[in-house]
Each structure stands twice: as structure tokens, then as C-alpha cells.
Amino acid sequence: MSKHMDMLLKARDDQLSSISKAINSTEIPVKEKHARRIILGTHREKGAFTFWSYALGFTFPSSSILCWKFCHVLHKILRDGHRNVLQDCTRHYSSMVEIGEIWGNLHDRYGQLVTLYSKLLCTKLKFHTKHGDIPANLEITDEELERAAGTDINNVFQLSVEVFDYMDAELRLAETVLRQLNSSLAMTTLTSSQCRLAPLIQVIQDCSHLYHFAVKLLFKLHACLPADTLQGHRDRFHDQFHKLKNFFNRAKEMIYFKRLIQIPKLPESPPNFLHAASLAKHVKPVVVIPNEDEPEMQDDDDDEPEPLIEVDNVTTSSVTTSSVQAQPQQVDIFDQTFGPPNGGFDDRDLQIETLKRELELLRAELERVKAEAQRYITQLKSQINSLEAELEEQRAQKQRALVENEQLRMELEATRRRNTEHESLQTTFIEAEKRAQATEQRYNKLKEKHTELVSSHAELLRKSADTVKMLSVTQQTQEEVERTKQQLTFEMDRIKQESDMKMEEQRFEVERVKRELEEKMAEVTRIKATLQSSEKTSEQINSSMTALQTEKERLMRSVSEKEAELSSLRQTAQLQQSSLQQERDKTSRELGELQGKLKEKTSQEEKMKQKLLEEQFALLQGTITEAETIIQDAIAKLDDPLHIRCTSSPDYLISRAEAALGSIDKVKKGHADYLRNMSDAGTLLRSLTQFSHLTADTIVNGSATAHMAPTDHADKLTENCRSCGTQSLLFLGEMKSKATLQKADPATIRIIIQKILHLGQELRPKGLDIRQEELGDLVDKEMAATSAAIEEAVRRIDEMMSQARKDTTGVKLEVNERILFSCTDLMKAIRMLVIASTDLQKEIVEGGRGAATIREFYAKNSRWTEGLISAAKAVGWGATEMVESADKVVLHTGKYEELIVCSHEIAASTAQLVAASKVKADRHSKKLTKLQHASRHVNEMAANVVASTKTGQEHLEDKDTMDFSGLSLIKLKKEEMESQFK
């Protein structure tokens, strides 16, 4: 036991010594014997624990050469080490990534190579961890590759993409190494160059297998998927094929590789994946490593033989395993593979073992060739079946083309109808834009951008109209082709019928001639019988014979003529038949050309349809971009200092929020319609435009309402407005991309706007929380209260006038009288305004209530009624405040500015009352004209109050300035000097 422990400790020490000698900062390639001992150590301990425990002690940031050689050794043990090495290396995945990131940020030639090598090793770890059936040396049979790929075509597709990524990482490293050698004009015989080139041996081994994997997987994909779907795969493979072939050709020219590796030769051109028969021409590239010991000088501590180990992982590349027996005379299988450390074999044993290995390789090669031959036979049979299936599919496609032609004709009609709808919608959109321009004068910048959107929309509509015109031209061409085809078919039938009729007539004529000939022959027979029976009458017979001879000659000439005529008819029939055949061939060619044109037109229609879809999506993106700009501008106003002065009422905010909620429903409906029919985005465009304007209006008015609200409500309202803008931008961003268009949902925006609506309802004046049944009575009460307040104000002004005449004299009395007279005139004007407003309201109620009562009319129009009530209260309050301010001015306890402010406020309150009354009034109403005259009169009287107040204030100040009776001489001089200075 102790002896065994000593052997293990010594083996571990030898492994650590080999690691320290293989991985250092000296710019020489890693020696094969050191790498071999490290690999044997992984098999001995069934993992790479010792390697990583020592490797983690390296100072990787200190030397890029150290990192490069570490990656090289790690690549070798991944390929040739124990199978558990992959798991141990995966645990240190982050360390490898960190090494690549450290040297990726530094400008160092080896540092660039270390970055690429670390990325390659990380890609290798991820690939083999995910696909455990594929070993790290990539040496598996075609059947094992089939099992690893599976039967699911999606898994095969994903595996092919990962193989391409794997190959890209290998080729990037190889290209960078070769480029650095070219730039430095290095010779491959130098140790510095060999240090860079040594890892490319493992890269060549990996690339040969990856190339074979890619070919097999692509042929399998093309057998299951359409060729157009795999166009990207073919392009990527062709690019990798040319890079790999260039890499192999350059490596073959280097002396360094000639003695270390036999590089396979790739074909002149990549395989044609569109023809399944090309798989039979594919030959798997095989990399051969010559079994020769390195001509290296052994170190002093490497003289002892290495201990035998037990290995349970069998690979075909470099390590061949067998169980080790206790007898010391048995030969170590690793010594057979790598050669004994002390060169213990003689030449004959080495030759015997070499011949045995070659024999096994030849047997395996023979089995492989047989298996491939059987596979090729199976593939050829499957190709025959697939070609037959393709023939049937072509026939079915011909029938489908006729059906699709009819469908395209129907779709064209639908496109025309949609175009008409687009034009009507465009007219509606322009009218809505004009109304928006009339009501939103304070948003000039938004209107300019909206106009740009409309112009782009019109341009795209014009393009859509051009597309429809092109489709109509295509339809007309297709109809002409159909008509020509029908005409040709009819002409062929007519010619065929005429030919048949002529042939039938010729047949009848020949039969008639034959019947005449038979009759003549019968007659000749009768004449001969008559000659034989009447020999006695020789003269008669002679004369008859002469006549018969003459008749015979005539008949013979007639027969000859008929035969000549029959021959000419046959020639004519043959000529007509040949011309008919030529006409048929010509018609067939023309029909083929017309079918080709029809296919071309069909493809053009498909392209136009695709172009229409792209234009519709581009129009949608332009609308969304403009909507984002509108909402971003509204969000910017939340932090705009100039917007702080803007205020808004909760009622208006509620109306905007409710309109925004309605626009969200329209957006959802338009979104669903667009997903069902992506060639028509009209509904979605209109709903998005309305949604952006109403949402931006809600945000801006919410911010304006927050300026007048309490602190807590203002903060909540501002935050909800900001969240509404943010969620709206997120929703529009999802709508802008085809990838996220399906899952775009404005539900979050709806929730936030509902919160804004709730806050607006909380901010409404509590005095308006009355039942709708009481609104009618409340309007009359408020108007009566306003009239009473005005009457009381007039009475108090008269009292103040009498008191002022008693208490004051001179300039003060004149000023007070002028101010009170102007206030009296203003009150009278307000009273006339209230009367005119009351008359107009009665007319509105009588004209709009119909069969309903007055209370029901007020309850039905509660918003308008509440506006009237608010305006009436404001007028009554303004009249009361003006009387109080006038009283203070007369008694010299108030300021003239307060009276001026009250006059402005009462003018604004009456303007509010007029505006509330005008909402439902008829434009041509005489009472409305009377109300407008009364409103202008109120404004004039309010201006008189302001002018009287300012004039009186100036008179009093002048009087105070000119009163020198209470001043001494010195103070008088001082005042005089100050006045001159001023």
C-alpha cells in the first residue's frame, strides 16, 4: 500500500513538473512529452483536478505568452484527456472568460491571440456540455451524429447553427495567427513562430470534423426544409468553406506542419446541397498524425520510465486504453501509443505493432466503405422517391396556381375597396386635422409635426394608389393572356373539326369511286357472259366488243383519274395534317410562353403584395415615430419651467382622461384588425394618431391641474402623468418592431389613466357633489342669488355715496363720487348681463328639452349645468368683493389696486357666465346677440372702473404733493430740490 502511495505521489510530482515546464513565459512551443504526461495524469486521476489546482496559481495578467501556452495545453487535454476533464474545466469557465477579457483590453500581439483562444475554448466547453453525446475530440461515427442530432428538425437546425459558431471561432484564431506571421515576415523554423503555430494542429483536427458535421447536417436539413429557408445556412457554409480551404492550403506550404500532421485536401467547390445526390460525392476529411517521437533532448528528471496507469476512456485519436495487469512483463498500452519514455522496444516489435495497427485501421476503413456504399444506395433510392414526389408536387402546384390566380383576382377587388376606404378616411383625417388646428393654437410645434405626418401619410397613400394601378395593369395583362389562350384553343378545335370533315369527305369519295368501279366490273362480267352465249351473232359481238373495249378504256381512264385524284387528296390530307401538327406545336410554344409570362406576372404580383405590406408597416412606423415625438414633447412639459404658469380644471382633465380611455379601446381594436390583415393599417394608424394626441393632452392637462392641486394630489398626479408617458413610449416601441408587435398591450396605460381620472374626480370642487335632480333648482337659485347680490351691491354703493358726501369735500369727494358712479354703472351692466343670460338659458332649455321637464334637461346636461352654477357663483362673489373694496377705498382703509383687481375678476366671471351660456345656444339666436352686447358693455364698465380708480389715485397723489401748508422753510427747500432732482 505504501509503495502504491509512493508511486501516486511520484506521478503527481511528475505531472506538476510537466505542467510547470509546459506552461511558462518562454516563447517556445509546448513539448509533446510534457503535454503527454499531463494527459496521462488526467487519465490517472480521472479528471483535471491537479492541473487546475496548479494552473490557478499562475499570474496570467503578467505574461501573454504564459496565457497562450496555458490555452494550448488546456486544448490538448480537452481533446485527449479523460472524459471528466470537460466537467472540471466547466467549473472554471469564469476564469477562462476573465483571461480573455484581461488581454482583450491590452494592445499586445499575443494578447489578441489569447483573447481569441479563450473565446474558442469557452465555445468548445459550451458546445460539448450541451451535446454530451459528442466527445471533445469530435471523433464520432455518422450513426452517432444522427442520434445526437435527433429526429426533430428544429434540433437539427439549432445544432447546425452551433456547429457554424464553433467553426467560426476556430477559423478566427487560425486567420489571426497566420496574419501575424505574415506581418512579421517570420520563418516557421523559428521557435517564436512555432510557439504561435503549435496550437493550430488541434485547430486543424477540430476543423476537419466540424466540416464533416456541417455537410451531413445541411444535407439532412435540405431533405426536410425548403431551399429558400436554408439560404442563410448555405451562404455561411460557403464562406467557411473558402476560409477553411485557404487555411489548409497555407498550412500545407509551411515546413513546420509537414512533419507533424498530414492535412486533408478539400474539394475544389463546396457540395451542392440542392441535389441530394451530391452527398455521395462527399468524402470525409481525415487528419493523420504521424507516429514519430519528437527529436527532443530529455531533461535530467525525465529519464525514469513512467508508471503504468489504468484508463477507462477509449478514444481513437491519441490515447488507446486497456487494463493494466500486475505482472511487470506486460506491455503498457500507452507506451505503444506514445512510445516508451526510455525507448525500450526494439525495431521488430515496433514494426509488428505498427503493422497490427495498420491492419486494424484497414479493416475499420473497409467496414466504413461498405457502410457508406450501403448508405449511398439507400440515399439514391430515397432521391428517386423524392424526385417522383417532386413531380407529383409540380402537378399539384400547377392546379394550385390556377386556384391562386382566382384568389389573387378576388384580393385585387378587395384591395380596390380598401383603397376607396383609404381615400374617405384621408378626407376625414384632414377635416379632423383642421378642427384640431382651430382648437389647439397653443401647440404650434405639435401641429407642424402633425402636418409632416399627414404629408408622409398622403405620400404613402399615393404610393399605395400606384401599387393598385400596377396590380390593375397586371390583372388586365392576365385577362388578355386568358382570352388569347381561349382563342387559341377555339382555333385549334376549329382546325381539327375542319380536318376531320375533309378526311370524312375524302373517305366518302373513295368509297363512291370503289362502288362505281365494282358496278363497271359487274357490267363487264355480264358483257363477257353475253359474248360467250351469243357466238352466233359475231357481228353484234364484234360491234359490242368494240363498244365494250371503248367503254373499258373509258372506265380505265376514269379509274386512273380517280386514283390520281385519290392520291392528290391523300397528299393534301397529309399536308393539312403536317400543317395542323405545326400549328399545334406553335400553339404549344405560345402557350408555354404565355404560361411563363403568367408565372412572371404572378411573381410580380407577389412582390407588389409584399411591397404593399412593407409600405403599410413603414407607414405604421412613421405614425408611431410621430406619436412618440408627441408624447415625448408632452413629457418634456412636465419639467418645463414655462409650463408652471399653465393651469387646468379637474373637469377638463376628467374629460381628457375619458377620451384617452376611449382611444385605447380603438387602438386595441385597430391592433387586432392589423394582425388579422397586415395589408390594411388604416384603422390602426387613425387610432394611434388619436391615442397619441389624447394621451399627450391628458399628460399636459394633468400637469396643469397639479399646479392648482394640494401637494399630495399634485405629486401623485405628476407621477402618474410621467408613468403614463413612459408606458406609452414602451407600448409604441413594442408596436414599432415586428418581433414584439404581437404581444404589444396597452393595459398598463389604461390602469394609469384610470388613476389620473380618479385623482381628477377627487380634485373636483366638493360643492358640486349634489344630486342631478337638484341641478335645475340650483341653477334658478344661483341666478336669483346673483341678482340679489347685485341689487344689494347697488344699494350699498348708494349708501356709501351718501356717506361720502357727508364726510368728504373737495378733491376726495370728487374722486369718491367718480369711483362709486363707475361701480354703480358696472353693477347695472352686470345686472343686465344676468337678465340676458337668464333669458338665453330659458330659450336653450325650451328648445332642447323636448318632452322632458326642465329638471330632467338640467340633469341630462349636468356638466353644462355645473358650469352655469359655477359662473353664477363667481359673478355674485365678485360683486360682493367689489363693494367691500370700494367701501375700503372710500374710507381710506383699502388700496386702489384691490378695487382694480376686483373689477378684473368680476369681468372674468361674467365672461365665464357668457361662455357657459353660449355652449348650447343657437348661433343665430337674437338673445345670444343681446347677451354678447351686454358682455361687451360689462367690459367697458369694468374698464371705466379701472380708469376712474387710477385717475382718482393720481389726483389724490397730486394733491398731497402740492400741499405745502404744513412744511417749514427748510423742508420746503428740501422738497423742491428733490423734485428738481427727480
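Note that this is a predicted model, so its numbers are computed, not measured.

A. Representation of the nonpolar core. Judged by nonpolar contacts, the single largest core of 91 residues is most densely connected at Phe-51, Phe-70, Leu-74 and Phe-257. Here this core takes 14 residues from helix α11 (residues 200-222), the largest share from any one element. Mapped onto the domain boundaries, this core takes at least three residues apiece from domain 1 (1-115) and domain 2 (138-290). Sequence-distant contacts of Leu-74, defined by excluding residues within four places in its chain, comprise Phe-51, Trp-52, Cys-89, Met-96 and Leu-121. With 49 residues, the next largest nonpolar core counts Val-794, Ala-871, Ala-907 and Ala-934 among its residues.

B. Quick peek at the pattern of salt bridges. If you walk through the whole model with that rule in mind, you get 21 salt bridges. Where Glu-146 meets Lys-220, a salt bridge forms, and the shortest distance between an N and an O atom there is 3.0 Å. Of the two residues, Glu-146 sits in helix α8 (residues 142-149) while Lys-220 sits in helix α11, which places them 74 residues apart along the sequence. The closest approach of N and O atoms between Arg-656 and Asp-697, which form a salt bridge, is 3.3 Å. Note that Arg-656 is positioned in helix α18 (residues 650-676) and Asp-697 in helix α19 (residues 682-706), a separation of 41 residues in sequence. Ionic contacts of the salt-bridge type, sharing partners, join the residues Arg-79, Lys-124 and Asp-206 into one network.

C. Inspection of the confidence of the model for the protein chain at higher detail. When the pLDDT values of the protein chain are averaged, the result is 78; 81% of them are 70 or greater. Between the elements of the protein chain, mean pLDDT differs from a low of 43, seen in helix α14 (residues 333-338), to a high of 93, seen in α11. Within the model, pLDDT remains below 50 along residues 292-345, and this stretch shows 94 contacts once partners closer than five positions in the same chain are excluded. Below a pLDDT of 50 lies the segment residues 767-773, which in the model reaches seven contacts outside its immediate sequence neighbourhood of four places, other chains included.

D. Here's a closer look at the packing of α11 against helix α12 (residues 231-252). The interhelical angle for the contact between α11 and α12, taken along N-to-C directions, is 150°, at an axis separation of 11 Å. Comparing their axes, α12 and α11 come out roughly antiparallel. Every pair of crossing elements has a handedness; the one defined by α11 and α12 is left-handed. Facing Leu-200, Val-203, Ile-204, Cys-207, Tyr-211, Ala-214, Val-215, Leu-218, Leu-221 and His-222 of α11, the residues of α12 in contact are His-233, Arg-234, Phe-237, Phe-241, Leu-244, Phe-247, Phe-248 and Ala-251.

E. Structural view of the environment of Glu-98. With respect to the element layout, Glu-98 can be found in helix α6 (residues 93-104). Separated by 37 residues in sequence, Glu-98 and Pro-61 have C-alpha atoms that sit 9.9 Å apart.

About the cut-offs
Residues numbered from 1 in each chain as written. Predicted model: local features only at pLDDT ≥ 70, side-chain atom pairs only at ≥ 80, totals over all residues. Heavy atoms only, no water. Core = buried A, V, L, I, M, F, W, Y, C linked by side-chain atoms within 4.5 Å. Buried < 20%, exposed > 50% of the residue type's maximum accessible area, 1.4 Å probe, protein only. Helix = DSSP H or I, 4+ residues; strand = E, 2+ residues; numbered from the N terminus. Domains from an automatic or database assignment. Contact = heavy atoms within 4.5 Å. Salt bridge = Lys/Arg side-chain N within 4 Å of Asp/Glu carboxyl O. pLDDT = per-residue confidence, 0-100. Axes fitted to C-alpha atoms, helices over the stretch in contact; angles between N-to-C directions. Parallel < 35°, antiparallel > 145°, perpendicular 65-115°, else oblique. Left-handed = near helix turned anticlockwise from the far one by under 90°.

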